[in-house]
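Structure assessment
Below are the chains, spelled out letter by letter.
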Amino acid sequence: MRVFVAAAVCLVSSAAHAQFPFDVPFVPTPPVVVEEILRLANVVPDDFVMDLGSGDGRILIAAARKFGARGIGVDLDPDRIEESLYSAQLQGVSDRVEFQQADLFKFDFSRATVVTMYLLPSVNMKLRPRLLRELKPGTRIVSHDFDMEDWQPDQKSTVRKNVFLWIVPARVEGRWRTTVVLPAGERSYDIEIRQKFQEIDGLARYGDRKVAGLWNPRLRGDRVSFVIVDDSGSLDTNLYFEGRVSRDAMEGTIQRGIGRDQQQLSWRATRVTGAN
Ligand SMILES: C[S@@+](CC[C@H](N)C(=O)[O-])C[C@H]1O[C@@H](n2cnc3c(N)ncnc32)[C@H](O)[C@@H]1O
């Protein structure tokens, strides 16, 4: 089914290329798939939704009508823009949505908190570096039908069509330093993190050449969490790190131990080296 739809889109694409300089032809997303896109993106009224190649504006108009979100649709085709503006007016959301005739490859994405797209595999891949670099960590990207190769989606849903969700990950790769005040005294950790999109792993060096694993490492948007085993007391105890990543710092709380023995500590790590 997917192959058939992709082939159909590509066929229409080459026909369309004969007439228009568009990278993708207009093929509207069916209403039930629009619903699933917006559900998966978890749209809320504070969101700014950007539909790249917005067609007749249906995704953005539904986001405004059903969730009270704001946003902008961008499409190269002036007829589609006119259609979208008319439809937004009919559906009473003209004050929440904008439509702009522009090339999505030259469009500024930075305002978006949610990006939706129904493009083509090659277009997704061409956009991918900019999406990762220019969108704020935590921005949700939902693509109808086409994935982004080795950038695995955070979630995939199939309701008649495939829909993929990615959460833009913060950049955490590199070396970080933090000093934690444990019951047995202060301890400094040099944390090394490797990253491939939202997948991370790493280790922590401390003391005189000691190394601890970074267990259960997770990154979702700008939220990072991992576990380091603290061996400074008479019993080994887990340190559950949770925090938020900004450009050059990670900070948050550590739960040391569990239940009645649990203590809450705070931590702040600063970037020593790494991609920025
Ligand atoms: C498959 S349609 C999707 C329409 C709408 N997003 C939806 O899901 O119903 C792709 C749209 O992208 C537009 N498009 C193609 N190349 C574009 C470009 N370089 N910049 C902006 N829009 C483009 C086409 O005009 C078309 O309306």
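Structure report, in brief. (Residues numbered from 1 in each chain as written. Predicted model: local features only at pLDDT ≥ 70, side-chain atom pairs only at ≥ 80, totals over all residues. Heavy atoms only, no water.)

Helix length check: helix α4 (residues 78-90) (13 residues) gives 18 Å between terminal C-alpha atoms against 18 Å at 1.5 Å per residue, within 8%. All buried positions along α4 are accounted for by Arg80, Ile81, Ser84, Ser87 and Ala88. For α4, the arc enclosing every buried residue in end-on projection is 130°, short of the 170-degree limit, so these residues lie on one face. Turned more than 90 degrees off the buried face of α4, the exposed positions are Asp79, Glu82, Tyr86, Gln89 and Leu90. Where α4 is buried, its residues meet α3 (58-67), β2 (70-75) and β3 (97-101). (Helix = DSSP H or I, 4+ residues; strand = E, 2+ residues; numbered from the N terminus. Expected span 1.5 Å × (residues − 1). Buried < 20%, exposed > 50% of the residue type's maximum accessible area, 1.4 Å probe, protein only. Arc of directions from axis to C-beta. Contact = heavy atoms within 4.5 Å.)

Glancing now at the nonpolar core. Counting residues in hydrophobic clusters, the biggest one holds 29 residues, and the most contacted among them are Met50, Leu52, Met117, Leu127, Leu131 and Ile141. Where this core is concerned, the elements lending two or more residues are β1 (48-52), β2, β4 (114-117), α5 (121-134) and β7 (161-167). When residues no more than four places from it in sequence are discounted, the contact partners of Leu131 are Leu52, Phe109, Met117, Ile141, Met148 and Val168. (Core = buried A, V, L, I, M, F, W, Y, C linked by side-chain atoms within 4.5 Å.)

Taken together, seven strands build an open sheet; the order of strands is β3-β2-β1-β4-β5-β7-β6 and the sheet is mixed. The open sheet has two edge strands, β3 and β6 (155-159), and neither has a second partner. Direction aside, neighbouring strands of the sheet carry axes that sit 15° apart on average. In this structure, β1 lies alongside β2, joined through five bridges in parallel fashion. Across the sheet, residue Leu52 finds its bridge partner in β2, namely Val74. Relative to the sheet, helix α2 (residues 31-41) contacts β4, β5 (140-144), β6 and β7, its axis offset from that of β7 by approximately 20°. Running at roughly 170° to β4, α5 makes contact with β1, β4 and β5 of the sheet. (Pairing = 2+ DSSP bridges. Axes fitted to C-alpha atoms, helices over the stretch in contact; angles between N-to-C directions.)

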